[in-house]
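What follows is the residue order along each chain.
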Amino acid sequence: MHTPTRTSLLLTLVLTAACGGDVKNGADTGFDLGSPFDADADADADADADADADNAAPSVNISSPSDGEVYSTGEDVTFFATVSDDNDSPSLLQLEWSSDRQGEVGDEPADGGGGAVLEIATLEAGTHTVTLTAVDSDGEQSSDSVVIRLEEADADADADADADADADADLDDWDEYGWTVEAGDCNDDDDWTFPLATEWCDG
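Undergrad: Is there a simple way to explain the sheet that holds strand β3 (residues 77–84) in this structure?
TA: Consider a sheet: its strands pair through backbone hydrogen bonds, and that pairing is either parallel or antiparallel. The sheet built from three strands is open, its strands ordered β1-β3-β6 with antiparallel pairing. Of all strands in the sheet, those with a lone pairing partner are β1 (59–64) and β6 (115–120), marking the two edges. Across the sheet, the axes of successive neighbouring strands diverge by a mean angle of 25°, strand direction being ignored. Strand direction decides the pairing type here: β1 and β3, joined by five bridges, are antiparallel. The partner of Val60 across the bridge, within β3, is Val83.

In structure tokens form, the structure reads like this:
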């Protein structure tokens, strides 16, 4: 059987052990107790927010061609753009040119000044939305697009050009005998055959 004095002494020791020593971590209770642990957590959160603010997406701008420009199939089309990033050199950005009709059409990197160029002559007939996408080393990305149209080459224009070439050929005196096809020389490759030439019997 314990005496009152001995019981009181034991109770005092238990309470002293429970209350003394380490500072209680606010994360353990779910309440802000004003402990150093809370200050560290706030500092980490601020640092993360600053890092997110510094990690902006790249800047992308297609300067040429303009929306709505029209080209012929087979014609060289040259795209010009500028790219930049707060953390990466422009030449280190991952670039991809793509057409909504034909998929990826180029991936040449930009130069050190941020200039990006795509030269292509294989765009098929139709309207194309051509997009340049830039991705930096942190995975942030942005893009810019331009809409152009490719039309089939004019068959009538080609025929006219062929006819003009034939007409020019008719004006030439190939056998240099003073007569052209247009002037009546029925065989301008034969210098014995021309209007007013002397007739010779066959043998």
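Undergrad: Mind showing me how you'd approach the sheet that holds strand β2 (residues 70–72) here?
TA: Here five strands make up an open sheet; going across it, the order is β2-β8-β7-β4-β5 and the pairing mixed. With one partner strand each, in any of the chains shown, β2 and β5 (103–106) form the two edges of the open sheet. In this sheet, neighbouring strand axes are inclined to one another by 40° on average, regardless of whether the strands run parallel or antiparallel. Relative to β5, strand β4 (residues 94–99) runs antiparallel, the two being bridged by three bridges. In the strand pairing of β5, Trp97 is matched with Gly106.

What counts and how
- Residues numbered from 1 in each chain as written.
- Predicted model: local features only at pLDDT ≥ 70, side-chain atom pairs only at ≥ 80, totals over all residues.
- Heavy atoms only, no water.
- Pairing = 2+ DSSP bridges.
- Helix = DSSP H or I, 4+ residues; strand = E, 2+ residues; numbered from the N terminus.
- Axes fitted to C-alpha atoms, helices over the stretch in contact; angles between N-to-C directions.

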